[in-house]
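Architecture and fold: a report
Read off the chains here:
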Amino acid sequence: MSDSHDATTSAAAIAADRDAFRVFLRDHNLPATAQRLAIADVVLGTDRHLSAEDVARELRAHGATAGTATVYRTLEVLVRSGLVVERDFGEGFKRYEASRGIPHHEHLLCTVCGKVTEFRDERLERMTTLLAEAHNFSRQRHRLVIYGLCGTCRRGLPSSSPSARRGS
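1. Section: the sheet that holds strand β5 (residues 116-119)
- Strands sit in the order β5-β4-β6 across an open sheet of three strands; the sheet is mixed. Here the strands that pair on one side only, and so sit at the sheet edges, are β5 and β6 (145-148). Each strand axis lies, on average, 20° off the axis of its neighbour in the sheet, ignoring direction.
- Here strand β4 (residues 106-110) pairs with β5 via four bridges, running antiparallel. Bridge pairing in β5 links glutamate 106 to phenylalanine 119.

Take a look at the structure:
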């Protein structure tokens, strides 16, 4: 896994997720407003890890708007629906990514530009189980975020501003 699950998220997967969100809203007696659906489209239509601010920025870029409270409430509903996963990398804000049946994975977070790179390593999965067993512990899940510098920042190359790269 690299910076994204797949270079392009298929239109069929996005449409299926959007339909599932509509069903979730209906089943929970919540209105499927244009704002909610636009927010869902932004989050479900990307492989990036978006903050609420990133979502609002993307909405504006596409000519739509939603208040900050609406963005946060809709993100909470998307997480409850299981279509979106909330990530807390200790940056003072949360990020969101479409779950889309993604296997468990870890994250590398650049402390300069905010770029998030996903990776999966079976050796790490085995090691966490072995470590838990060595301590007479039954592992259920784990989370790993490695903080450091991405290749671009390590080389000192100019990158876009941290706020522009945060959702990467």
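2. Let's talk about the sheet that holds strand β2 (residues 84-88)
- If you walk across this open sheet you meet the three strands as β1-β3-β2, and the pairing is antiparallel. At either margin of the open sheet sits one strand with a lone partner, and together these are β1 (50-51) and β2.
- Summarising the sheet, β2 and strand β3 (residues 94-98) pair through five bridges and their orientation is antiparallel. Paired with valine 85 across the bridge in β3 is glutamate 97.
- Sheet contacts for helix α2 (residues 34-44): β1, β2 and β3; angle to β3, the most-contacted strand, approximately 80°.

3. Notes on the side chain of threonine 74
- With respect to the helices and strands, threonine 74 occurs in helix α4 (residues 68-81).
- A relative accessible area of 1% places threonine 74 in the buried class.
- In this structure threonine 74 touches Phe21, Arg36 and Ile39, once residues within four positions along its chain are discounted.

4. Points about the confidence of the model for the protein
- Mean pLDDT for the protein: 83, with 86% of residues reaching 70 or above.
- When the criterion is pLDDT under 50, residues 1-8 qualifies, and its contacts beyond four places in sequence or with other chains add up to 24 contacts.
- Between residues 161-168, whose pLDDT stays under 50, and residues either more than four places distant or in other chains, the model counts 27 contacts.

5. Here's the deal with helix α1 (residues 11-27)
- The end-to-end C-alpha distance of α1, which contains 17 residues, comes to 24 Å, matching closely the 24 Å that a straight helix rising 1.5 Å per residue would cover.
- Looking at α1, one finds that the buried residues are Asp17, Phe21, Phe24 and Leu25. Projected onto a plane normal to the axis of α1, the buried residues spread over an arc of 95° and lie on a single side. Exposed and facing more than 90 degrees away from the buried side of α1 are Ala11, Ala12, Arg26 and Asp27.
- The inward-facing, buried residues of α1 contact α2 and α4.
- Asparagine 29, located one to two residues past α1, shows a positive phi value of around 55°.

6. Examining the packing of α2 against helix α3 (residues 52-61)
- Interaxial distance between α2 and α3 falls to 10 Å at its minimum, and their mutual angle equals 110°. Compared by their axis directions, α2 and α3 come out roughly perpendicular. Judged by residue contacts, Ala38, Ile39, Val42 and Val43 of α2 engage Val55, Glu58 and Leu59 from α3.
- Of the residues belonging to the contact of α2 with α3, the class tally is six nonpolar, no polar and one charged.

What counts, and at which threshold
Residues numbered from 1 in each chain as written. Predicted model: local features only at pLDDT ≥ 70, side-chain atom pairs only at ≥ 80, totals over all residues. Heavy atoms only, no water. Pairing = 2+ DSSP bridges. Helix = DSSP H or I, 4+ residues; strand = E, 2+ residues; numbered from the N terminus. Axes fitted to C-alpha atoms, helices over the stretch in contact; angles between N-to-C directions. Contact = heavy atoms within 4.5 Å. Buried < 20%, exposed > 50% of the residue type's maximum accessible area, 1.4 Å probe, protein only. pLDDT = per-residue confidence, 0-100. Expected span 1.5 Å × (residues − 1). Arc of directions from axis to C-beta. Parallel < 35°, antiparallel > 145°, perpendicular 65-115°, else oblique. Nonpolar A, V, L, I, M, F, W, Y, C, P; charged D, E, K, R; others polar.

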